[in-house]
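Survey of secondary and tertiary structure
Listed below are the residues making up each chain.
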Amino acid sequence: MPKVTFKSPLAELSVDVPPGTTLLDAAEKGEAQVGHSCGGVCACSTCHVWIRKGLDSLSEQTDQEADRLDMGFDVRPYSRLSCQSEIGNEDLLVEITEESLSAFMDENPAIRHRLEAEGRWPLKK
Ligand code: FES
């Protein structure tokens with residue numbers, strides 16, 4: 001089973017998932033902090049991640065995903081929407097964008113408040 005490692009300034013963790021799993025489902029299984037305001041239906045860009053390793057092993061990007069990604073912040077050639085990207089057979093290294101991390105904090109106020117109390121959120125620039 002491919003291993004997916006999610007990395008952000010707050011944490012790095014890995015999860016093993018079967019091929020065909022979306023990156024967003026892998027993130028939820030591994031409790032990685034990936035935002036998903038629209039619930040995974042390609043109607044926002046809050047699940048935007050950068051694929052640092054294994055980009056070519058993901059499912060092909062659809063026109064709908066590309067159009068939606070165009071509305072994202074700091075989009076790069078290795079950007080994907082995690083809800084639209086199915087995992088292939090290779091291990092992946094996924095960097096959670098600040099856009100996605102911020103959305104996750106908005107969606108999870110209890111976690112945000114804990115990190116604020118610890119002085120870990122918002123991120124220091
Ligand atoms: S969660 Fe909204 S586009 Fe992926």
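Figured I'd write up the structure that's included with this text.

Procedures and definitions
Residues numbered from 1 in each chain as written. Predicted model: local features only at pLDDT ≥ 70, side-chain atom pairs only at ≥ 80, totals over all residues. Pairing = 2+ DSSP bridges. Helix = DSSP H or I, 4+ residues; strand = E, 2+ residues; numbered from the N terminus. Core = buried A, V, L, I, M, F, W, Y, C linked by C-beta atoms within 7 Å. Buried ≥ 20, exposed ≤ 12 C-beta atoms within 10 Å, placed from the backbone. Contact = placed C-beta atoms within 7 Å.

**With respect to the pairing of strand E3 (residues 48-53)**
Two elements, E3 and strand E4 (residues 79-81), share three bridges in a ladder whose sense is antiparallel. Across the sheet, residue Trp50 finds its bridge partner in E4, namely Ser79. Note: E3 against strand E5 (residues 92-96), four bridges, orientation antiparallel. Directly across from Lys53, in E5, lies its bridge partner Leu93.

**Re the environment of Ala43**
Structurally, the position occupied by Ala43 is in the loop between helix H1 (23-30) and E3. Along the backbone, Ala43 and Arg76 are 33 residues apart, and their C-alpha atoms lie at a distance of 19 Å.

**Focus on the nonpolar core**
Within the largest apolar cluster, 22 residues are counted, with the highest numbers of intra-cluster contacts made by Val4, Leu23, Ala27, Val34, Val49, Val94 and Ile96. For this core, the secondary-structure elements that each account for two or more residues are strand E1 (3-7), H1, E3, E5 and helix H3 (98-107). Beyond its immediate sequence surroundings of up to four residues, Ile96 is in contact with Phe6, Lys7, Ser8, Ala32, Gln33, Val34, Val49 and Leu101.

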